[in-house]
Amino acid sequence: MLLQELKNQANKLPVNDRLELVRSIIDSIQEIPSSKPTRTQAINRMKGLLKTSQPSPTDAEVESMLEQHRMEKYL
């Protein structure tokens, strides 16, 4: 049955039956487990990917890396 046909059939139902249909649809949606990870879970996993045993580079080291990259790119 196509969605439009279903809508047409639902509109022909008495109000109480339509309300029961809506409740049934909502209940069926709420029973579906969400497979999408929450945003917090995703952020925590990404943080774990960024961890290393090496110390963070200093500002001077970062500036040197950027300068080296610019020289390679533009020269």
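Whatever comes next refers back to the structure up there.
Cut-off values and rules
- Residues numbered from 1 in each chain as written.
- Predicted model: local features only at pLDDT ≥ 70, side-chain atom pairs only at ≥ 80, totals over all residues.
- Heavy atoms only, no water.
- Salt bridge = Lys/Arg side-chain N within 4 Å of Asp/Glu carboxyl O.
- Helix = DSSP H or I, 4+ residues; strand = E, 2+ residues; numbered from the N terminus.

### Observations concerning the pattern of salt bridges
One pass over the full model with this rule turns up 3 salt bridges. In this structure, E20 and R23 form a salt bridge, with 3.6 Å as the shortest nitrogen-oxygen distance. In this pair, E20 and R23 both sit in helix 2 (residues 15-30), 3 residues apart, roughly one turn of the helix. When salt bridges with common partners are traced through the structure, they connect E63, E67 and R70 into a single cluster.

### Focus on the environment of Q9
Note on placement: Q9 falls in helix 1 (residues 3-12). Once the C-alpha coordinates of Q9 and R45 are considered, the two residues, 36 residues apart in sequence, prove to be 47 Å apart.

Read these as spatial facts, not as claims about activity.
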